[in-house]
Amino acid sequence: DGASAATWSSAPSLDADPGDNVELLPRDQWQPGRGVLWKNPLGPMLNTYAAAPLAFTNYVHGYKGILDWILTAGSFRVVRSLGDVTEEDLLPRGGLPNIQYPSDHLSVAADLVFA
């Protein structure tokens, strides 16, 4: 197959422009597994936005998704979290960044209490 040796393809990347040549990692350098295993001595990590999930925290040309998280563990309880920005809020301004939201990431915040 083509991935067993270094091959060249035109592939999108955050650091590449369309049409840039990107070298694929040879198959013999692939690592087995399902990603990174995180172990926390306080227990499972919980998303502070689980009760009201965000649609996105990053909205730029060619990408819309969640890149920013607040995770808690142990005895924390979420009191409230910062509200969501809608796609309709951003479309007239062309996405992020813009005059109202000067970063390419939206702010995330949560008030927590130790229960």
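Treat the numbers as computed from the prediction; the structure is a model and nothing was measured. Every chain's residues receive numbers from 1 upward, in the order its sequence appears when written. The predicted nature of this model means local features are confined to residues of pLDDT at least 70 and side-chain atom pairs, given and counted, to a pLDDT of 80 or more, with totals for whole chains, interfaces and linings taken over all residues. Hydrogens are left out, water is left out, and the side-chain values use all remaining heavy atoms of the structure.

Visitor: When you look at the side chain of Asn58 in this model, what are you seeing that I'm missing?
Guide: Within the secondary structure layout, Asn58 lies in strand 4 (residues 58-60). Judged by its relative accessible area of 4%, Asn58 is buried. Contacts are assigned to residue pairs with any non-hydrogen atoms lying within 4.5 Å of each other. What Asn58 contacts, discounting residues up to four positions off in sequence, is Tyr63, Lys64, Gly65, Leu67, Leu96, Asp104 and His105. Starting at the N terminus, helices and strands are each numbered in turn, a helix being any DSSP run of H or I of at least four residues and a strand any DSSP run of E of at least two. Each residue's exposure class comes from its accessible area (1.4 Å probe, protein chains only) as a fraction of the maximum for that residue type: buried when under 20%, exposed when over 50%, partly exposed otherwise.

Visitor: Quick question: what am I supposed to make of the environment of Thr57 here?
Guide: Looking at the element boundaries, Thr57 is found in the loop between strand 3 (46-47) and strand 4. The exposure class assigned to Thr57 is buried, which follows from its relative accessible area of 1%. Sequence separation between Thr57 and His105 is 48 residues; the distance between their C-alpha atoms is 5.6 Å. Beyond its immediate stretch of four places on either side in the chain, Thr57 contacts Gly65, Ile66, Leu67, Asp68, Leu96, Asp104, His105, Leu106 and Val108. A polar contact of 2.9 Å, which involves the side chain of Thr57, links it to the side chain of Asp68. Under this definition, polar contacts are N or O atom pairs within 3.5 Å; protein pairs additionally need one hydrogen-donor-capable and one acceptor-capable atom, and for neighbouring residues in sequence, both atoms have to be side-chain atoms.

Visitor: Just to check I follow, could you spell out the packing of aromatic side chains for this structure?
Guide: The description of an aromatic ring pair uses the distance of the two centres, along with the angle that the planes make with each other. Only the six-membered ring of Trp is used, alongside the rings of Phe and Tyr, when aromatic pairs are assigned; centres must lie within 6.5 Å, and planes under 30 degrees apart are stacked while those over 60 apart are edge-to-face, with the rest tilted. Taken as a whole, this structure holds 2 aromatic pairs when the rule is applied. Between Phe56 and Tyr59, the aromatic rings sit 5.1 Å apart at their centres with planes inclined by 55°, giving tilted as the arrangement. Neither Phe56 nor Tyr59 differs from the other in exposure class; each is buried. Relative to Phe114, the ring of Phe76 has its centre 5.5 Å away and its plane inclined at 75°; by these criteria the two rings are edge-to-face. Residue Phe76 is found in strand 7 (residues 76-81), and its partner Phe114 is found in strand 8 (residues 110-114); the two are separated by 38 residues along the sequence. Take Phe76: its relative accessible area is 40%, and that puts it in the partly exposed class.

Visitor: In this structure, what is going on with the pattern of salt bridges? I would like to understand it.
Guide: Oppositely charged side chains can form a pair if their charged atoms are brought close together. We define a salt bridge as a contact between a side-chain nitrogen of Lys or Arg and a carboxyl oxygen of Asp or Glu at a distance within 4 Å. Enumeration according to the criterion identifies 2 salt bridges in this entry. Measuring nitrogen to oxygen at the nearest pair gives 3.1 Å for the salt bridge that ties Lys64 to Glu87. With Lys64 in strand 5 (residues 63-65) and Glu87 in helix 1 (residues 87-90), this pair connects stretches of sequence that are 23 residues apart. Residue classification places Lys64 among the partly exposed residues on the basis of a relative accessible area of 43%. Arg80 is the partner of Asp111 in a salt bridge, and the nearest nitrogen-oxygen pair spans 2.5 Å. One end of the pair, Asp111, is in strand 8; the other, Arg80, is in strand 7, and 31 residues separate them in sequence.

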